[in-house]
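Observations on the three-dimensional arrangement
Here's the letter readout for the chains.
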Amino acid sequence: MYAQMVKSTGQGVKSLDDMEPQERAFQERIDAGDKIEPKDWMPDGYRKTLIRQIGQHGHSEIVGQLPEGNWITRAPTLERKAILLAKVQDEAGHGLYLYCAAETLGVSRDELTEDLLSGKMKYSSIFNYPTLTWADMGAVGWLVDGAAIMNQVPLQRTSYGPYARAMVRICKEESFHQRQGYDIMMKMARGTPAQKRMAQDALNRFWYPSLMMFGPSDKDSVHSAQSMAWKIKMNTNDELRQKFVDQTVPQAEYLGLTVPDETLQWNEGKGGYDFAEPDWSEFFDVIKGNGPCNRERLAARNKAWDDGKWVRDGLLAHAEKRASKKVAAE
Amino acid sequence: MHDNATFEFLCRMGDNTLVLGHRVSEWCGVSPVLEEDIALANTALDLIGQTQMWLGLAGDIEGKGRSADDLAMLRDVWDFRNLLLVEQPNGDFGQTLMRQFLFDAWHVRMLQALTGSSDKRIAEIAAKAVKEASYHVERSGDTVIGLGDGTAESHGRMQAALDLLWPYVGEMFICDDVDEAMKSAGIAPDPNDLRAGFDSHVTQVMTDATLLIPEDDFAHKGGKNGHRHSEHLGHMLTQMQWLQRAYPGASW
């Protein structure tokens, strides 16, 4: 999940009877499965929560370029390099769609960027972990994109039209990303002893951070209840995490790798695996800025933005000169 | 001799795109604006794709069983045949785009000529690549103009980039024994013949960009014949080839 712990109004969900007529009509449209479009009336809370959620998702795509970009110049073959480049390029494209979707809610891309760079807005905790070996490119595709897909597939049905449509495009590309990640893992898991060791090590390091991507249990969260009533969140964090574990464990077995959880066990009664919770204190440390790479990631984005200022200014100045020449000629 | 020269020539084409594609890919995630992240990745992707074709054919013609990956990942500096221009470090964004434009303006003409190569395999690769290169040169040219004729700062940086990189232009048009052999076999053009078109294109773009082309036409050389690369190439290879060197024989 690329948006974690997004706060909604914090007020709890109102019943239809408690709503003013305008809000009630809005909620009834959502309940009926209608899409809300940019020019439609919407409650302030809906708008603000969506901006936070879509913005955080967009930021995750942008920052998410960095841990994979870390290996583009060291990709082992030309084909792997091309695939990784294409994947990271897709992520930049996802960031662009998402920022555009957020813009329809009345926030500019520059405002969102400033909030990311100042640390005011967050991005997914997962991108604060380092990518240390080539197998991490496999694990990121397999586990991180796999977890993202769990969340994003239902969001194709989300109530806000531009977000839902962005998700449709994004999901198509994400499933390709996941497959390429798994393909790298297969090569590694069936390769030399050193490659197999890299693959197991990558799974060991990325397993729990991937489970954290869904966020802590939100079964009692008022924010989640409101977001679910608005259909901008479709499932609880625990539901998605369970689905992810159930899907991923057999894939790990197929690779001949061991999930780093001694308590992991199939539970016939619930038709799913019982598994250990991640260390949530680590999660909150990462969210607070104390993950292994928080500082580097934000510093890299800030440096790129600051170093690029003259380029943005230059191109803008040129565009203005051209526009005024055109006006003068007319 | 003929096949040997063709192998050399193909390594030149493939090493140019390999080394430049690698350099451009170094920008991943840190460019000035999101659209540029996408565009630079796109350019790098095209160049790596072309590398696979050129070096793949080079390996076939050499006939020693070396694949495009073997050539990319297991040769040392002295066996690389790329122009010195493309191995120059990225510098700032302006330097990267200036290097790209100077290369593209040559590359598109070289590829155009190669579409008429007497070797069908080369003509086919060129026909695919020239479409990409035409787009590259349009984009890099527009960016050079935009930044040259932008603010005082962007103008200054672009002029500095042009001054820095101009001495690497001349090597693209040097005709040596390999080029002579290619020319007489009708495989590739005489590099000299590409110069007039290049000059008029570059002059037009630099005029629009309000930039001055340096008068001194001194040219560094030693890249395309592998005589003397810059120190930069070796550092690039330590990164690019690291996995293949550290874990020989593994399949990825």
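Everything that follows concerns the structure shown earlier in this document.
In what follows, the accompanying structure is described. The structure presented is a predicted model; accordingly, all values stated were derived computationally and were not measured.

**Some points on the overall build of chain B**
- The helix and strand inventory of chain B stands at eleven helices and zero strands.
- Listing the helices and strands of chain B from first to last along the sequence gives α-α-α-α-α-α-α-α-α-α-α.
- The C-alpha radius of gyration computed for chain B amounts to 18 Å, which stays within 12% of the reference 18 Å derived for 252 residues, consistent with globular compactness.
- A burial count over chain B gives 59% of its 252 residues as buried.
- Within chain B, contacts between residues at least 6 apart in sequence are counted, and of these 81% link residues at least 24 apart.
- Each charge sign in chain B was given a centre, from 20 positive and 38 negative side chains, and these centres are 5 Å apart.

**Quick word on the overall build of chain A**
- For chain A, the helix and strand inventory stands at 13 helices and two strands.
- By the compact-globule yardstick of 20 Å for 330 residues, chain A fits well, its C-alpha radius of gyration being 21 Å.
- Along the first, second and third principal axes, the C-alpha atoms of chain A reach 70 × 60 × 35 Å.
- The 330 residues of chain A split such that 55% are buried.
- For chain A, the separation between the mean place of its 43 positive charges and that of its 46 negative charges on side chains is 6 Å.

**Comments concerning the side chain of B:Ser25**
- Residue placement: B:Ser25 occurs in helix 1 (residues 2-25).
- Aside from chain neighbours lying at most four places away, what touches B:Ser25 is A:Ile72, A:Thr73, A:Lys81, A:Leu85 and B:Ala44.

**Description of the side chain of A:Gln65**
- Note that A:Gln65 resides in helix 3 (residues 65-72).
- Discounting residues that sit within four places of it in the chain, A:Gln65 has contacts with A:Val88, A:Glu91, A:Ala92, B:Cys28, B:Gly29 and B:Asp37.

**Digging into the packing of helix 5 (residues 93-114) of chain B against helix 7 (residues 152-165) of chain B**
Residues and elements named next belong to chain B.
- Relative to each other, helix 5 and helix 7 sit at 50 degrees, their axes nearing to 9 Å. In this view, helix 5 runs oblique relative to helix 7, as classed from their interaxial angle. Between helix 5 and helix 7 lies a crossing of right-handed hand. Contact residues: Gly94, Gln95, Met98, Arg99 and Leu102 in helix 5; Met158, Ala161, Leu162, Leu164 and Leu165 in helix 7.
- Looking at the contact of helix 5 with helix 7 residue by residue, the class counts come to seven nonpolar, two polar and one charged.

**Let's talk about the interface of chain A and chain B**
- Contacts between chain A and chain B engage 47 residues on the former and 48 residues on the latter.
- A combined buried area of about 4000 Å² lies between chain A and chain B, and 69% of that area is made up of carbon and sulfur atoms.
- Connecting chain A to chain B are two salt bridges.
- Ionic pairing is found between B:Asp149 and A:Lys321, a salt bridge with its closest N-O pair at 3.0 Å.
- Our enumeration of links across chain A and chain B arrives at 15 residue pairs in polar contact (both at pLDDT 80 or more).
- It is helix 4 (residues 78-103) of chain A that provides the largest number of residues to the side of chain A that touches chain B, a total of 14 residues.
- When grouped by side-chain class, the residues that make up the side of chain A that touches chain B number 24 nonpolar, twelve polar and eleven charged.

**Quick word on a negative patch on the surface**
All names here are of chain A.
- A cluster of acidic residues, Glu103, Asp110, Glu111 and Glu114, forms a negative patch on the protein surface.
- The element best represented in the negative patch is helix 5 (residues 109-117), accounting for three residues.
- Secondary-structure assignment places glutamate 111 in helix 5.

Rules behind the numbers
- Residues numbered from 1 in each chain as written.
- Chains lettered and ligands numbered in written order.
- Predicted model: local features only at pLDDT ≥ 70, side-chain atom pairs only at ≥ 80, totals over all residues.
- Heavy atoms only, no water.
- Helix = DSSP H or I, 4+ residues; strand = E, 2+ residues; numbered from the N terminus.
- Rg over C-alpha atoms; globule rule 2.2 N^0.38 Å.
- Buried < 20%, exposed > 50% of the residue type's maximum accessible area, 1.4 Å probe, protein only.
- Contact = heavy atoms within 4.5 Å.
- Lys, Arg positive; Asp, Glu negative; His and termini not counted.
- Charge placed at Lys NZ, Arg CZ, Asp CG, Glu CD.
- Axes fitted to C-alpha atoms, helices over the stretch in contact; angles between N-to-C directions.
- Parallel < 35°, antiparallel > 145°, perpendicular 65-115°, else oblique.
- Left-handed = near helix turned anticlockwise from the far one by under 90°.
- Nonpolar A, V, L, I, M, F, W, Y, C, P; charged D, E, K, R; others polar.
- Buried area = accessible area lost by both parts, 1.4 Å probe.
- Salt bridge = Lys/Arg side-chain N within 4 Å of Asp/Glu carboxyl O.
- Polar contact = N/O pair within 3.5 Å; in protein donor to acceptor, adjacent residues only side chain to side chain.
- Patch = residues over 30% accessible without salt bridge, like charges linked within 9 Å, V, L, I, M, F, W, Y side chains within 5 Å.
- Areas by Shrake-Rupley, 256 points an atom, 1.4 Å probe, with all protein chains shown as cover.

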